[in-house]
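# A closer look at the structure
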Number of protein chains: 6
Amino acid sequence: MQSSEIYLESLIIATPQEGRNLAIKLARKSIVAIQTDPEIRKKLRVDYAQDTAQLIASAQVIAIEFQTIAMANNYWKS
Amino acid sequence: MQSSEIYLESLIIATPQEGRNLAIKLARKSIVAIQTDPEIRKKLRVDYAQDTAQLIASAQVIAIEFQTIAMANNYWKS
Amino acid sequence: MQSSEIYLESLIIATPQEGRNLAIKLARKSIVAIQTDPEIRKKLRVDYAQDTAQLIASAQVIAIEFQTIAMANNYWKS
Amino acid sequence: MQSSEIYLESLIIATPQEGRNLAIKLARKSIVAIQTDPEIRKKLRVDYAQDTAQLIASAQVIAIEFQTIAMANNYWKS
Amino acid sequence: MQSSEIYLESLIIATPQEGRNLAIKLARKSIVAIQTDPEIRKKLRVDYAQDTAQLIASAQVIAIEFQTIAMANNYWKS
Amino acid sequence: MQSSEIYLESLIIATPQEGRNLAIKLARKSIVAIQTDPEIRKKLRVDYAQDTAQLIASAQVIAIEFQTIAMANNYWKS
């Protein structure tokens, strides 16, 4: 039922910016895990990218994923 | 009232990718715990997998479950 | 105004699976605390168990409650 | 603009159950801080207590407040 | 684009109650940062203070801000 | 697919107020990452800044981002 694709090798990542990019990737992969049909996703994407409520909800998912990634990297303190 | 099924033996898991898969599983099992009828779930699934707002909300549940799993595994640091 | 029922004796619990069950229980008890009439809750339950958006929102509450329980038990590491 | 009422003397509390009750209280006091008119709140309450989506959203607020309270009390471990 | 106003001097604050008040202030300042026109905000406020779903959503923002403030003050333990 | 722009050099920042500003910036950059067309974003912005539900949802994203930033800076304690 779940994709056997490996999209997360490690949470340890060199820079905060890469951490942001990984957070966005993880959020997207969750969508992929639930809606597995790429054609349907493509069609859905057009809609939600123009719906601010859904854009904000997506930003919230990214914020949570990023919090985990930032913790894992000790906030890139040193 | 609650299912007696054991679906979570441990939060300790070998790799980050398995952590993602477990997060998705936990999110799904919460749905199962509330809507226990598999026929109704099957019917509902068709709908929500085409509704981006619900896909994003699902991604948020996965993000929270994953944060817990990542903490439990000390972010697979070593 | 608040129920005097004691439904949470301890957050310390033997297994991760019992932790999931407790998370579901805590989520339900919050609903009970706000909507105290069991007849109304019973009627409402039929509706929301068929509404995927609400099932997903419930799963999110469970995820947050479980995070707290998992922290309390040091993720059942040993 | 903000109420000068003191409704939170301490986060340190004797038992997990009192922690749940405090979480519910904090959630309610946030509503009071925004909608200061008790008559309007009373009228609104009738509506939302019969709306499952809002009951679930309230349960989520309680879950977050409880997480903070549980952390403050080191999960009542000893 | 962002207001140059300084509304957060410190997260360290004397009492839990002041922590609640600061949480409410931070939530409000986020709204101000996005909707900068005070006239529009005033008009919007009348609406959302009578909409329970939005009151509950506001309570959730306050709960998250308060969690951060409580952590910063080590839960006012001593 | 993702912007190659570097908008987050570091989570370490001098003051709590700058932390708030960074939280707002991160929330906005997440929206930009999903809706890459500046013209569409500009049009969407007019709508959501007058929709209180979306303003509150935005405030929630900011609260989560700020929690991460505050943790990274040890709450600017010293």
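Residues numbered from 1 in each chain as written. Chains lettered and ligands numbered in written order. Predicted model: local features only at pLDDT ≥ 70, side-chain atom pairs only at ≥ 80, totals over all residues. Heavy atoms only, no water.

### What to know about the overall build of chain A
Just so we agree on the cut-off: Strands here mean DSSP runs of E at least two residues long; helices mean DSSP runs of H or I at least four residues long; both are numbered from the N terminus. When accessible area is computed with a 1.4 Å probe and restricted to protein chains, residues below 20% of their type maximum are described as buried, those above 50% as exposed, and intermediate ones as partly exposed. The Shrake-Rupley method, run with a 1.4 Å probe, gives the accessible areas here. Residue values count only the displayed protein chains as cover. As used throughout, the charge tally considers Lys and Arg to be positive and Asp and Glu to be negative, leaving His and the chain termini uncounted. Charged side chains are reduced to one point each, which is NZ for Lys, CZ for Arg, CG for Asp and CD for Glu.
Check the secondary structure of chain A and you find three helices and zero strands. Ordering the α and β elements of chain A from the N terminus gives α-α-α. Per-residue burial for chain A yields a buried fraction of 59% across its 78 residues. Surface exposure of chain A reaches about 3400 Å², of which carbon and sulfur atoms provide 54%. The distance from the centre of the 9 positive side-chain charges to the centre of the 8 negative ones in chain A is 4 Å.

### Digging into the pattern of salt bridges
Residue and element names in this part refer to chain B. Basically, it comes down to this: One side-chain nitrogen of Lys or Arg within 4 Å of one carboxyl oxygen of Asp or Glu is enough to make a salt bridge.
In the structure shown here, the tally under the stated rule is twelve salt bridges over all chains. The salt bridge involving E5 is made with K29; its shortest N-O contact spans 2.9 Å. Linking E5 in the segment before α1 (16-34) with K29 in helix α1, this pair joins segments that are 24 residues apart in sequence.

### Considerations on the relation of the copies chain C and chain B
Under the convention used in this document: The atoms used to superpose the copies are C-alpha atoms, taken from residues with pLDDT of at least 70 in both, and the fit is least squares.
When chain C is fitted to chain B, the best match, at an RMSD of 0.0 Å, comes from turning it 60 degrees and sliding it 0.0 Å along the axis. Both copies of the chain, as the preceding transformation shows, are related through a six-fold rotation axis. The position closest to the rotation axis in chain C is occupied by the C-alpha of I64(C), lying 7.0 Å away.

### Remarks on the packing of aromatic side chains
Aromatic ring pairs: the centre-centre distance and the angle between the two ring planes describe each pair. In plain terms, the rule: Here a Phe, Tyr or Trp ring, Trp counted by its six-membered ring, pairs with any other such ring whose centre lies within 6.5 Å, and the pair is stacked when the planes are under 30 degrees apart, edge-to-face when over 60, and tilted otherwise. Consider the ring centre and the ring normal. A charge sits over the ring if Lys NZ or Arg CZ is within 6 Å of that centre and within 35 degrees of that normal.
Under the defined criterion, the tally for this structure stands at six aromatic pairs over all chains. Taken together, a centroid distance of 5.9 Å and an interplanar angle of 15 degrees make the contact between F66(B) and W76(B) stacked. With F66(B) in helix α3 (residues 52-72) and W76(B) in the segment after α3, the pair connects residues that are ten residues apart, well separated along the chain. For F66(B), a relative accessible area of 0% puts it in the buried group. Between the NZ or CZ atom of R20(A) and the centre of the ring of F66(A), over which it lies, the distance is 4.5 Å.

### Concerning the packing of helix α1 (residues 16-34) of chain C against helix α3 (residues 52-72) of chain D
As a reminder, the rule being used: An axis is simply a line fitted to the C-alpha atoms; with a helix, the fit covers only the stretch in contact. Between two such axes, the angle follows the N-to-C directions and lies from 0 to 180 degrees. An angle below 35 degrees is treated as roughly parallel, one above 145 as roughly antiparallel, one from 65 to 115 as roughly perpendicular, and anything else as oblique. In a left-handed crossing the near helix is turned counterclockwise from the far helix by less than a right angle, and in a right-handed crossing that turn is clockwise. Contact between two residues is taken to exist if any of their heavy atoms lie within 4.5 Å; hydrogens are not considered.
The N-to-C vectors of α1(C) and α3(D) enclose an angle of 115 degrees; their axes lie 9 Å apart at closest approach. Classified by the interaxial angle, the pair formed by α1(C) and α3(D) is roughly perpendicular. The crossing of α1(C) and α3(D) is right-handed. Facing α1(C), whose interface residues are A27(C), S30(C), I31(C) and I34(C), α3(D) presents L55(D), I56(D), S58(D), A59(D) and I62(D).

### Focus: the side chain of Q60(F)
As for its placement among the helices and strands, Q60(F) is situated in helix α3 (residues 52-72). Non-local contacts of Q60(F), meaning those with residues more than four positions away in its chain, are made with Q60(A), Q60(E), V61(E) and I64(E).

### Re the environment of N74(C)
All names here are of chain C. Mapped onto the secondary structure, N74 falls in the segment after α3 (52-72). N74 gets classed as partly exposed once you look at its relative accessible area, which sits at 43%. Put simply, N74 and I12 are 62 residues apart on the chain and 9.5 Å apart in space, counted from C-alpha to C-alpha.

### Some thoughts on the interface of chain A and chain B
This is how the line gets drawn: Contacts described as polar in this section are N or O atom pairs within 3.5 Å, which, within protein, must combine one atom able to donate a hydrogen with one able to accept it, while residues neighboring in sequence count only if both atoms come from side chains.
If you look at the interface, chain A gives 31 residues, while chain B gives 28 residues. Applying the counting criterion to the chain A and chain B interface returns one salt bridge. We note a salt bridge from E65(A) to R20(B), for which the minimum N-O separation is 2.8 Å. Here chain A is connected to chain B by eleven residue pairs in polar contact (both at pLDDT 80 or more). Those elements that provide at least two residues to the side of chain A that touches chain B are α1 (16-34), α2 (38-48) and α3 (52-72) of chain A. For the side of chain A that touches chain B, the element with the most residues is α3(A), which contributes eleven residues.

### Brief notes about the interface of chain C and chain B
Bring the parts together and some accessible area is lost; that lost area is often taken as the interface size. Threshold: The term buried area refers to how much accessible surface (probe radius 1.4 Å) is lost by two components on association, counted for both of them together. Three residue categories are used. Nonpolar comprises Ala, Val, Leu, Ile, Met, Phe, Trp, Tyr, Cys and Pro, charged comprises Asp, Glu, Lys and Arg, and polar comprises the others, including Gly.
Tallying the contact residues gives 28 residues for chain C and 31 residues for chain B. Regarding the contact of chain C and chain B, the summed buried area is about 2800 Å², with carbon and sulfur atoms giving 62% of it. Linking chain C with chain B are one salt bridge. Where chain C meets chain B, there are eleven residue pairs in polar contact (both at pLDDT 80 or more). Residue assignment for the side of chain C that touches chain B shows that the elements contributing at least two residues are α1, α2 (38-48) and α3 of chain C. The greatest single-element share of the side of chain C that touches chain B, amounting to 14 residues, is contributed by α3(C). Grouping the amino acids of the side of chain C that touches chain B by side-chain chemistry returns 16 nonpolar, seven polar and five charged.

### Focus: α3(D)
All names here are of chain D. The cut-off we apply is this: Here a helix's expected span is defined as the number of its residues, less one, multiplied by 1.5 Å.
Its 21 residues place the ends of α3 30 Å apart at the C-alpha level, agreeing with the 30 Å of an ideal helix rising 1.5 Å per residue. N-capping of α3 is provided by D51, with a side-chain oxygen placed 3.0 Å from the backbone N of A53. Note on α3: the residue one or two positions beyond its end, N74, has a positive phi of about 45 degrees.

### Considering the packing of α1(A) against helix α1 (residues 16-34) of chain F
Running from N to C, α1(A) and α1(F) cross one another at 55 degrees; their axes reach a closest spacing of 11 Å. Here α1(A) is positioned oblique relative to α1(F), judged by the angle of their axes. Crossing hand, α1(A) versus α1(F): right-handed. Of α1(F), the residues touching α1(A) (which contributes R20(A), I24(A) and R28(A)) are L26(F), S30(F), A33(F) and I34(F). Here the residues of the contact of α1(A) with α1(F) sort into four nonpolar, one polar and two charged.

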